[in-house]
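Listed below, chain by chain, are the residues.
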Amino acid sequence: MNTQIKTAFYWLLLGICFLTHNLFHMYGLFYGVDIRLPDATGEVPPGTQVFNTVIFTVTFLMALLSVNLSGCGFRWISLVWSALFLLLNIAHLAEAIFVEAFDLSQVCLLSFVLVVNVLLIVVLWKSVKQQR
């Protein structure tokens with residue numbers, strides 16, 4: 001499989017995993033768990049809206065662009081963005097294990113996300129090195 005397709009697949013898989021992660025958070029509703037945040041006012045804070053928009057939209061945008069762009073500049077941008085995601089994913093996995101109430105489905109999914117993220121970085125790093 002060529003690098004562009006692998007990269008697009010990994011970005012798309014990350015986006016699907018982020019959606020699944022949110023779905024897992026809502027599963028508590030089926031069992032009567034109050035999933036509201038303690039200080040919830042009924043409105044989503046603008047910072048949360050921006051964060052979610054950037055995380056979801058840019059992930060799917062990177063998948064789309066990976067199929068259509070192959071230049072070194074885009075690969076560097078993709079590599080840097082995926083490295084930032086890796087840091088975010090490591091922190092979130094640690095939070096899920098050590099801070100939040102333990103949820104096996106979340107820990108397994110976030111571990112999978114970490115593996116996919118590392119594979120994405122490896123593919124991008126190899127492609128950047130190869131283009132030099």
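You'll find the structure just up there.
Residues numbered from 1 in each chain as written. Predicted model: local features only at pLDDT ≥ 70, side-chain atom pairs only at ≥ 80, totals over all residues. Heavy atoms only, no water.

**Q** Help me understand the overall build of the protein chain, please; the structure alone is not making it clear to me.
**A** Helix and strand counts for the protein chain come out as four helices and zero strands. Helices and strands appear in the protein chain in the N-to-C order α-α-α-α. Principal-axis analysis of the C-alpha atoms gives the protein chain an extent of 55 × 30 × 20 Å. Out of the 132 residues belonging to the protein chain, those deemed buried represent 32%. Taking contacts inside the protein chain between residues at least 6 apart in sequence as the whole, the part at least 24 apart equals 82%. In the form shown here, the protein chain has an accessible surface area of approximately 8500 Å², with 71% of it arising from carbon and sulfur atoms. Positive and negative side-chain charges of the protein chain, numbering 6 and 6 respectively, have mean locations separated by a distance of 31 Å. (Helix = DSSP H or I, 4+ residues; strand = E, 2+ residues; numbered from the N terminus. Buried < 20%, exposed > 50% of the residue type's maximum accessible area, 1.4 Å probe, protein only. Contact = heavy atoms within 4.5 Å. Areas by Shrake-Rupley, 256 points an atom, 1.4 Å probe, with all protein chains shown as cover. Lys, Arg positive; Asp, Glu negative; His and termini not counted. Charge placed at Lys NZ, Arg CZ, Asp CG, Glu CD.)

**Q** Is there a simple way to think about the side chain of Gln106 in this case?
**A** By secondary structure assignment, the location of Gln106 is in helix α4 (residues 104-131). Beyond its immediate chain neighbours, meaning those up to four positions away, Gln106 contacts His21, Phe24 and His25.

**Q** I keep staring at the pattern of salt bridges and nothing clicks. Help me out?
**A** Pairs can form between side chains of opposite charge once their charged atoms are near each other. Under the defined criterion, the tally for this structure stands at one salt bridge. For Arg36, the salt bridge identified is with Asp34, shortest N-O distance 3.0 Å. (Salt bridge = Lys/Arg side-chain N within 4 Å of Asp/Glu carboxyl O.)

**Q** How should I be thinking about the packing of helix α1 (residues 3-26) against helix α2 (residues 46-68) in this particular structure?
**A** Packing of α1 against α2 leaves a shortest axis separation of 7 Å and a crossing angle of 160°. Considering their axes alone, α1 and α2 lie roughly antiparallel with respect to each other. Remark: the crossing between α1 and α2 carries left-handed chirality. Residue-level inspection shows Gln4, Thr7, Ala8, Trp11, Leu12, Leu14, Gly15, Ile16, Phe18, Leu19 and Asn22 of α1 in contact with α2, the latter providing Ile55, Phe56, Thr59, Phe60, Met62, Ala63, Ser66, Val67 and Asn68. Tallied by class, the residues present in the contact of α1 with α2 amount to 13 nonpolar, seven polar and no charged. (Axes fitted to C-alpha atoms, helices over the stretch in contact; angles between N-to-C directions. Parallel < 35°, antiparallel > 145°, perpendicular 65-115°, else oblique. Left-handed = near helix turned anticlockwise from the far one by under 90°. Nonpolar A, V, L, I, M, F, W, Y, C, P; charged D, E, K, R; others polar.)

**Q** Sorry if this is basic, but what is going on with α2 here?
**A** Side chains three or four residues apart in an α-helix point the same way, a direct result of the helix having 3.6 residues per turn. Taking 1.5 Å per residue, 23 residues should reach 33 Å; α2 reaches 32 Å between its end C-alpha atoms and fits that length. Among the residues of α2, Ile55, Phe56, Thr59, Met62, Ala63 and Ser66 are the ones counted as buried. Looking at the buried side of α2, the elements it contacts are α1 and α3 (72-98). (Expected span 1.5 Å × (residues − 1).)

**Q** Quick question: what am I supposed to make of a nonpolar patch on the surface here?
**A** Where nonpolar side chains cluster on the molecular surface, the patch consists of Leu23, Met26, Tyr27, Leu29, Phe30, Tyr31, Val33 and Ile35 and spans about 870 Å² of accessible area. One can find Ile35 in the loop between α1 and α2. (Patch = residues over 30% accessible without salt bridge, like charges linked within 9 Å, V, L, I, M, F, W, Y side chains within 5 Å.)

**Q** For this particular structure, what's the right way to read the packing of α1 against α4?
**A** Relative orientation and spacing of two packed helices are given, respectively, by the angle between their axes and the distance between those axes. At a closest axis distance of 10 Å, the pairing of α1 and α4 adopts a crossing angle of 160°. Here α1 is positioned roughly antiparallel relative to α4, judged by the angle of their axes. In terms of crossing hand, the pair formed by α1 and α4 is left-handed.

**Q** Can you walk me through the state of the cysteines in this structure?
**A** Think of a disulfide as a covalent bridge from one cysteine sulfur atom to another cysteine sulfur atom. Counted under the stated rule, the structure contains zero disulfides. The thiol sulfur of Cys17 is not disulfide-bonded, and the nearest other cysteine sulfur, from Cys108, lies at 12 Å. For Cys17, a relative accessible area of 6% corresponds to the buried category. (Disulfide = S-S within 2.5 Å.)

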